[in-house]
Amino acid sequence: MVLSVNNLKKSYRAPDGETSMVVDVASFAMESGAQVALRGSSGSGKTTFLNLVAGILQADSGEVILCGKALHQLNESNRDQLRARSIGYVFQTFNLLQGYTAVENVLLGMLFGPGADRAYAEALLERVGLADRMHYRPRQLSVGQQQRVAVARALANHPDLVLADEPTGNLDRHHAGESLALIREICKENEAALLLVSHDDTVLEQFDTCQDFDDINHAMREVAS
Amino acid sequence: MSGGIFLLVRRSLRQHAFSTIITVLAVGLASGLTMSVFSIQQQTREAFSGGDVGFDAVLGARGSQLQLVLNTVFHLETSPGNIPWSVYEKLKEDTPGIRLAIPYATGDNYFGYRIVGTSTELFSDFEYQKGQKFRFVGDGRSFEDGYAEAVVGSYVAEQLGISVGDHIHPSHGVNYAEGSEHEDEYTVVGILEPTNSPSDRVVWIPIEGIFHMDGHVLKGAGEHYEHHGTHAIPEEHKEVSAVMLSFSSPTLGMNLNQQINMIGKEYTLAFPIGRVMLELFDKIGWVNRIFELVAYLVVLVSGAAILASIYNTINERRREFAILRALGARRRTVFSAIVLEAATIAALGSVLGWLFYGVILFSASYAVRKETGVVLEVFMLHPSLYLTPIGMTLLGAITGIVPAYKAYATDVAENLIPHS
């Protein structure tokens, strides 16, 4: 089991002072190497859920067990370390660092975990078809190429789990399909589990396991009712 | 991990290259200025008060000891007056414990460089520094008493292009004025090797030459005596500006000090020379303290420049920090990277500061040598040359703490989303 979530709750205090529950997931689990898609509309708490799983956000209550380690029992520094070693993250806006070349962005993905391995970073960029763009800065790359750098970076630390937050949201339909296939392939090659959230049906229908996030997130059910 | 921090620092400096360069320049100037102030301060103090000038005391007319020293040892200022030749002779012949007594007479110049009348002992017995006697370039030699011959200091020869065999006409007064040339002509018989001392800026002639110079009035006997023709000048009319003394026993200096300065009222003995000059530095100590204060303020301003240059980028870099944190960077990694970035800017500035220091000291050395003949050593290892860069780098690291804390406190989830 790479991921196990139990009674996970997260709420935010709204500007008017009222507390609103954003995530209330009773149970969610993923096997190693599994590829799971979560369908959810905008504002349904998908990104918050991924950030809780990644240890970027701290839950109000409940537990996230990642690679056998309960995040709520770890201090922030240890959560950071676990994230650096076990999680790859593909963001909708890619979040590449503009001052760094493609290969340096990939190196950043391993720097805080297993340590920099330039040969592996270059191999990953070759794998995503950017062998001739390694020393380009993000601004010098097309949107599709930036997406591929982001995928290479997410795999750079040999993660057990890759989180993908609307990874094709900024791509046209053709590139979205290509990119999604690439993410899935590379995760499979690297034996990394993939948890993807999206609201795009063309993306979701490619997954054997696709769950409606609203079904597992009680917070949204309460809002809906 | 540490390699990771260095990568973050390198990239950040590259990304903000313009502000980095400007800040490094500012720190470099501050650092160079600080090192220069302290180095020049110490070197001038040592050169004018602590250095071995070859004499223990100077005897001259009643007046200021400082003026006497400045006039005779550093060839600056005007002479406070003259003393009879007989005083010199008495000191030389009849005073036990005096190792060397050398007469010194001024009043003329050669294109602004001081002409000093003295005796040949200056070149045969006098040591301008311990164990260092004047040496002549090539086949040059000392002038001979009774001849119209001159020996030229290295700086004068270099500046005026004088060589052995040239003829020179002294001008009246210590400052050059066109049309003030004497009829007398002197043949240059020797050029001195550089001594890096005020002597390099002097033209030496036999003291008799000063007595015989046309237009000079002697008052050794209390009445005006102007020499005409070639006959010998009566001893009682001769006078000198000062007598430079070297003692074989230091107690003699104290005895003479008692007799001449405290009991007597006719003459002044500047003794010991180092103490006299130190009094000058003590009097102008406040100037040094102002320079030091300015240097410290400049350092503080450069620290503020580092703070401003990094602090201003923190807001635009919040997303960068959030991304790094999302990739697993710990808060302390981000904090350390910013502190290291500030320290690196300061360290780079300090390295540049050595260059500025070299330029400032070279210029100062040129100016001081031109005015006094004293040479400041650009490459002298002064503690400020390593303490300033260390202090500056520490200051840089300290100024980095504020922006580093701001980066440290960045909310990851909030800043991962691009803000338009």
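Bear in mind that the values here come from a model prediction, so they are computed numbers and not experimental data.

**Section: the interface of chain A and chain B**
Part 1 of the reasoning: Of the residues lining the interface, 23 residues belong to chain A; the matching set on chain B comes to 24 residues.
Part 2 of the reasoning: Across the interface of chain A and chain B, roughly 2,200 Å² is buried in total on both sides, 59% from carbon and sulfur atoms.
Part 3 of the reasoning: It is Asn95(A), Tyr100(A) and Phe112(A) that lose the most area in chain A upon contact with chain B, and together they represent 26% of the buried surface on that side.
Part 4 of the reasoning: Summed over the shared surface of chain A and chain B, the number is five salt bridges.
Part 5 of the reasoning: Here Arg14(B) ties to Glu104(A) by a salt bridge, and the two come within 3.7 Å at their closest N and O atoms.
Part 6 of the reasoning: The tally of links between chain A and chain B comes to 11 residue pairs in polar contact (both at pLDDT 80 or more).
Part 7 of the reasoning: Listed by contribution, the elements that provide at least two residues to the side of chain A that touches chain B are helix H2 (76-86) and helix H3 (102-111) of chain A.
Part 8 of the reasoning: If one sorts the elements of the side of chain A that touches chain B by residue count, H2(A) sits on top with six residues.
Part 9 of the reasoning: Class assignment for the residues of the side of chain A that touches chain B results in 10 nonpolar, seven polar and six charged.

**Some words on the nonpolar core**
Part 1 of the reasoning: Grouped together as the largest cluster of nonpolar side chains are 73 residues, with contacts concentrated most on Leu3(A), Phe28(A), Phe49(A), Leu108(A), Leu161(A) and Leu195(A).
Part 2 of the reasoning: No other element matches the eight residues that helix H12 (residues 331-372) of chain B contributes to this core.
Part 3 of the reasoning: Not counting chain neighbours up to four residues away, the residues in contact with Leu3(A) comprise Phe28(A), Ala29(A), Met30(A), Val53(A), Val64(A), Ile65(A), Leu66(A), Leu161(A) and Leu195(A).
Part 4 of the reasoning: Formed by 41 residues, the second largest nonpolar core is a distinct cluster that contains Ala101(B), Tyr155(B), Ile191(B) and Met213(B).

**Looking at the domain arrangement of chain B**
One widely used convention gives an interface's size as the accessible area the parts lose upon coming together.
Residue and element names in this part refer to chain B.
Part 1 of the reasoning: What the domain assignment reports for chain B is domain 1 (2-48 + 284-416) and domain 2 (57-271).
Part 2 of the reasoning: Spacing between the C-alpha centres of domain 1 and domain 2 amounts to 50 Å.
Part 3 of the reasoning: Across the boundary between the two partners, domain 1 contributes 10 residues, which contact eight residues of domain 2.
Part 4 of the reasoning: Interface of domain 1 and domain 2: buried area, both sides summed, is about 890 Å²; carbon and sulfur atoms make up 51% of it.

**Looking at the packing of aromatic side chains**
All names here are of chain B.
Part 1 of the reasoning: Per the stated rule, a full pass over the model turns up 19 aromatic pairs over all chains.
Part 2 of the reasoning: Where Tyr113 meets Tyr155, the ring centres are 6.3 Å apart and the plane angle is 70°; that geometry is what we call edge-to-face. On the criterion of sequence distance, the pair formed by Tyr113 in strand S4 (residues 113-118) and Tyr155 in helix H6 (residues 154-160) is long-range, its members being 42 residues apart. As far as burial versus exposure is concerned, Tyr113 and Tyr155 are alike and both buried.
Part 3 of the reasoning: Taking the centre distance of 5.4 Å and the plane angle of 85° together, the rings of Phe123 and Phe143 count as edge-to-face. Residue Phe123 is located in helix H5 (residues 121-124), and its partner Phe143 is located in the loop between strand S6 (132-133) and strand S7 (149-152); the two are separated by 20 residues in the primary sequence. Each member of the pair, Phe123 as well as Phe143, is classed as buried.

**Regarding the side chain of Arg83(A)**
Part 1 of the reasoning: You can see Arg83(A) is positioned in helix H2.
Part 2 of the reasoning: A distance of 2.8 Å separates the side chain of Arg83(A) from the backbone oxygen of Arg325(B), its partner in a polar contact.

**Considering the sheet that holds strand S5 (residues 69-70) of chain A**
Residue and element names in this part refer to chain A.
Part 1 of the reasoning: Reading across the sheet, the four strands line up as S2-S1-S4-S5 and stay open at both edges, with antiparallel pairing between neighbours. If you trace the sheet from one side to the other, it starts and ends with strand S2 (19-30) and S5, each paired once.
Part 2 of the reasoning: Pairing geometry for strand S1 (residues 3-13) and strand S4 (residues 61-66), over five bridges, is antiparallel. Paired with Leu3 across the two strands is Leu66, which belongs to S4.

**Quick notes on the sheet that holds strand S9 (residues 209-212) of chain A**
Residue and element names in this part refer to chain A.
Part 1 of the reasoning: Taking strand neighbours across the sheet as the criterion, the five strands line up as S6-S7-S8-S3-S9 in an open arrangement whose pairing is parallel. Strand pairing shows two members of the sheet lacking a second neighbour, strand S6 (87-90) and S9, which therefore form its edges. When strand polarity is set aside, the average angle formed by the axes of neighbouring strands in this sheet is 20°.
Part 2 of the reasoning: The sheet contact formed by strand S3 (residues 35-39) and S9 spans four bridges and is parallel. Within the sheet, the bridge partner assigned to Arg39 lies in S9 and is Asp212.
Part 3 of the reasoning: Contacts between H2 and the sheet are confined to S6 and strand S7 (161-165), with S6 contributing the most and set at about 75° to the helix.
Part 4 of the reasoning: The strands that helix H6 (residues 173-189) touches are S3, S7 and strand S8 (193-198); relative to S8, the one it contacts most, it runs at about 155°.

**Let's talk about the state of the cysteines**
Part 1 of the reasoning: For the coordinates displayed, the defined rule picks out zero disulfides over all chains.
Part 2 of the reasoning: For the unlinked cysteine Cys210(A), the closest cysteine sulfur is that of Cys187(A), found at 16 Å.

**A few points about H3(A)**
Part 1 of the reasoning: Counting buried positions over the 10 residues of H3(A) gives 10, a clear majority of the element.
Part 2 of the reasoning: Regarding H3(A), the residues found buried are Ala102(A), Val103(A), Glu104(A), Asn105(A), Val106(A), Leu107(A), Leu108(A), Gly109(A), Met110(A) and Leu111(A).

**Some details on the pairing of strand S3 (residues 98-110) of chain B**
Residue and element names in this part refer to chain B.
Part 1 of the reasoning: Across the 13 residues that make up S3, a large majority, 12, are buried.
Part 2 of the reasoning: Note: S3 against strand S15 (residues 242-247), six bridges, orientation antiparallel. In the sheet register, Pro103 faces S15, and the bridge partner there is Val243.
Part 3 of the reasoning: Across four bridges, S3 lies against S4 in antiparallel orientation.

About the cut-offs
- Residues numbered from 1 in each chain as written.
- Chains lettered and ligands numbered in written order.
- Predicted model: local features only at pLDDT ≥ 70, side-chain atom pairs only at ≥ 80, totals over all residues.
- Heavy atoms only, no water.
- Contact = heavy atoms within 4.5 Å.
- Buried area = accessible area lost by both parts, 1.4 Å probe.
- Salt bridge = Lys/Arg side-chain N within 4 Å of Asp/Glu carboxyl O.
- Polar contact = N/O pair within 3.5 Å; in protein donor to acceptor, adjacent residues only side chain to side chain.
- Helix = DSSP H or I, 4+ residues; strand = E, 2+ residues; numbered from the N terminus.
- Nonpolar A, V, L, I, M, F, W, Y, C, P; charged D, E, K, R; others polar.
- Core = buried A, V, L, I, M, F, W, Y, C linked by side-chain atoms within 4.5 Å.
- Buried < 20%, exposed > 50% of the residue type's maximum accessible area, 1.4 Å probe, protein only.
- Domains from an automatic or database assignment.
- Phe/Tyr/Trp six-rings, centres within 6.5 Å; stacked < 30°, edge-to-face > 60°.
- Pairing = 2+ DSSP bridges.
- Axes fitted to C-alpha atoms, helices over the stretch in contact; angles between N-to-C directions.
- Disulfide = S-S within 2.5 Å.

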